[in-house]
Amino acid sequence: GLSTVMLAQDSTPLPRAPRGEMPSGLKRTTRFIGKTLSAPVHPLVDGVASGGGLAGGVGVSVPLREPWQARLKALYSVREYWVVEAYARHEGRRATAEAYGRARDMPQVAFYGLGPASVEDDRTNFAMREDVAGVLASYRLAPLITVHGRAEQMWTAVGPGRAANRASIDQLFSDTVAPGIATESRFGRLEGAMQVDVPASVGESLFQGFRSRATYVRWVDHELDRYNFSRVEVEAQQRIAVGIPRHRLTLHGWVSTAWADGPNRVPFYLQRTLGGRGQLRTVHEDFIGTDGSSASLRGYDTFRFRGRHLLLAQAEYRIPIWTVFDATVFYDAGKVTDDRADLNLSRLRSNYGFSLSIMRGSSTAARMDVGLGGEGARWYLSVKAR
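Residues numbered from 1 in each chain as written. Predicted model: local features only at pLDDT ≥ 70, side-chain atom pairs only at ≥ 80, totals over all residues. Heavy atoms only, no water.

Engineer: I would appreciate a short explanation of the overall build of the chain in the present structure.
Structural biologist: Of regular secondary structure, the chain possesses two helices and 19 strands. Among the 386 residues that make up the chain, the fraction classed as buried is 49%. Partitioning the intrachain contacts of the chain with sequence separation of at least 6 by distance along the chain shows that 64% fall at a separation of at least 24. (Helix = DSSP H or I, 4+ residues; strand = E, 2+ residues; numbered from the N terminus. Buried < 20%, exposed > 50% of the residue type's maximum accessible area, 1.4 Å probe, protein only. Contact = heavy atoms within 4.5 Å.)

This is the structure we're talking about:
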């Protein structure tokens, strides 16, 4: 499959030894692209949502006096996904605050069923319209600790999928199996998080940066009062130098668990997923991920496994190849469960693979992953948007 999404922001920058000289033609091309993308009105190649295919559009950077900034974007994808999004942000020395809005239409989101027993042959699709307005803020409590908060309203409409070559969700599943089929509602969301960022040691020393985040989210169904639930997530990433210049090992882990109030249920479209290139996340809801990637199980399709509880563990080894090109080899293992007590290391789904990245300094500008050993070979292209 091909999915283009915004990559998770790289963790603490890793000091890198000088690379070889970039060919002059590639250098001129890079400068031209950079100049084009830094214009107030510029073209965009990005993703509307994971699994939505390649999207193109326009971005607008609104000229404001520092420390204010505002941006707008509009994108349309080859799979008829579209998004219009805008935000205004204030960035201070220790605090940031932002107001945002987004309208997004996703006509063919993949759905295989809920829980660990879902079957690849049961793939269906559903359509989801999502309108979001909210505010978020962060404050650096200490040099290594930042707290985050978010308040949001989301209007959702879920219905039959519009992919001509796939069955629609209502043809194989009912509301009993997939709570929230064919419903419209308005959700309130309150979120709080604490993040710890330990910077890399100087040079090629063993410790090359650590990042972790603990998050609590409360969802309230304001219209139907059927889907009130809470979620707790913990995610961490550790980078380790291995004694060879610019080589590094990255370890990543993620645990997520959700529970509904009394007779309420967690709607299927708001449950977390494993597989492929990401989640149906909200505005600026990033994923720490591995070393320049927001992928989970890369040997499976996007959204392949979906459930209230999940566990993911990943290891990735980066190897510089030539000038701006790096390669990695990786191993992913994880699962979704119906019962929180099953969040352990037994019966994990796993895969392995490799990737090729184009680097911009210590950050990943573009990357192609090839996953093997899951349900067949899968490949994913990612581009880091401006």
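Engineer: Sorry if this is basic, but what is going on with the pattern of salt bridges here?
Structural biologist: Taken as a whole and assessed by the stated rule, the structure comprises 35 salt bridges. Of the charged contacts in the structure, one is a salt bridge between Glu-98 and Arg-89, with a shortest N-O distance of 2.8 Å. When its relative accessible area of 4% is taken as the criterion, Glu-98 is described as buried. Between Glu-233 and Arg-272 there is a salt bridge, with its nearest N and O atoms 2.7 Å apart. Taken as a pair, Glu-233 in strand E11 (residues 229-241) and Arg-272 in strand E13 (residues 272-274) lie far apart in primary sequence, 39 residues in all. Exposure remark for Glu-233: the relative accessible area of 10% places this residue in the buried category. The network of salt bridges with common partners includes Arg-150, Glu-152, Arg-189, Glu-191, Glu-233, Arg-272, Arg-281 and Glu-285. (Salt bridge = Lys/Arg side-chain N within 4 Å of Asp/Glu carboxyl O.)

Engineer: Would you explain the pairing of strand E5 (residues 95-111) in this entry?
Structural biologist: Where a strand is regular, its side chains alternate between the two sheet faces. Pairing of strand E4 (residues 82-91) with E5 involves ten bridges; the strand directions are antiparallel. Residue pairing across strands places Ala-88 opposite Ala-99, the latter belonging to E5. Hairpin geometry of E4 and E5 is characterised by an intervening segment of three residues between the two adjacent antiparallel strands. Pairing of E5 with strand E6 (residues 124-142), which is carried by 15 bridges, proceeds in the antiparallel orientation. The partner of Arg-102 across the bridge, within E6, is Val-132. (Pairing = 2+ DSSP bridges.)

Engineer: Sorry if this is basic, but what is going on with the packing of aromatic side chains here?
Structural biologist: Two aromatic rings are characterised by how far apart their centres lie and by the angle between their planes. Scanning the entire structure with this criterion turns up ten aromatic pairs. With centroids separated by 5.2 Å and ring planes inclined at 65°, the aromatic side chains of Tyr-300 and Phe-305 adopt a geometry described as edge-to-face. For Tyr-300, a relative accessible area of 5% corresponds to the buried category. Since its relative accessible area comes to 2%, Phe-305 is described here as buried. Taken together, the ring pairs connect Phe-111, Phe-126, Phe-173, Phe-187, Trp-219, Phe-229, Phe-268 and Tyr-269 into an aromatic cluster. The residue whose ring lies beneath Arg-306 is Phe-303, and the NZ or CZ to ring-centre distance is 5.7 Å. (Phe/Tyr/Trp six-rings, centres within 6.5 Å; stacked < 30°, edge-to-face > 60°. Lys NZ or Arg CZ within 6 Å of the ring centre and 35° of its normal.)

Engineer: Sorry if this is basic, but what is going on with the nonpolar core here?
Structural biologist: Generally speaking, soluble globular proteins have nonpolar side chains that are buried together. Core analysis: the biggest nonpolar cluster contains 37 residues, and Phe-126, Phe-268 and Tyr-269 have the highest contact counts within it. Counting residues per element, the ones that place at least two in this core are E4, E5, E6, strand E7 (145-160) and strand E10 (207-221). When residues of this core are assigned to their parent elements, the largest contribution, five residues, is made by E5. Counting residues in each nonpolar core, the second largest holds nine residues, with Trp-254, Tyr-300, Phe-305 and Leu-312 among its members. (Core = buried A, V, L, I, M, F, W, Y, C linked by side-chain atoms within 4.5 Å.)

Engineer: Please explain a nonpolar patch on the surface as it appears in this structure.
Structural biologist: On the surface, Val-62, Leu-64, Trp-68 and Leu-72 cluster together into a nonpolar patch covering about 350 Å² of accessible area. Tracing the sequence through the fold places Val-62 in strand E2 (residues 55-62). (Patch = residues over 30% accessible without salt bridge, like charges linked within 9 Å, V, L, I, M, F, W, Y side chains within 5 Å. Areas by Shrake-Rupley, 256 points an atom, 1.4 Å probe, with all protein chains shown as cover.)

Engineer: I keep staring at the side chain of Arg-306 and nothing clicks. Help me out?
Structural biologist: Inspection of the secondary structure assignment puts Arg-306 in strand E14 (residues 305-307). Buried and without a salt bridge, Arg-306 has Glu-130 as its closest oppositely charged side chain, separated by 10 Å. Within polar-contact distance, the side chain of Arg-306 engages the backbone oxygen of Phe-268 at 3.1 Å. (Lys, Arg positive; Asp, Glu negative; His and termini not counted. Polar contact = N/O pair within 3.5 Å; in protein donor to acceptor, adjacent residues only side chain to side chain.)

Engineer: I tried to follow the side chain of Thr-156 on my own but got confused; where do I start?
Structural biologist: You can see Thr-156 is positioned in strand E7. The contacts of Thr-156, once residues within four sequence positions are left out, are Met-128, Arg-129, Thr-183, Glu-184, Ser-185, Phe-187 and Tyr-269.

Engineer: Can you help me understand unusual backbone geometry in this one?
Structural biologist: Across the chain, the bulk of peptide bonds are trans and the bulk of non-glycine residues have phi less than zero. Between Glu-66 and the following residue, Pro-67, the backbone shows a cis peptide bond with an omega angle of 10°. Positive phi values are uncommon outside glycine, yet Ala-182 reaches one of about 55°. Inspection of the secondary structure puts Ala-182 in the loop between helix H2 (169-172) and strand E9 (184-198). The exposed category is assigned to Ala-182, whose relative accessible area is 56%. Of note, Thr-323 is a non-glycine position whose phi angle comes to about 40°, a positive value. Note on placement: Thr-323 falls in the loop between strand E15 (309-322) and strand E16 (325-337).

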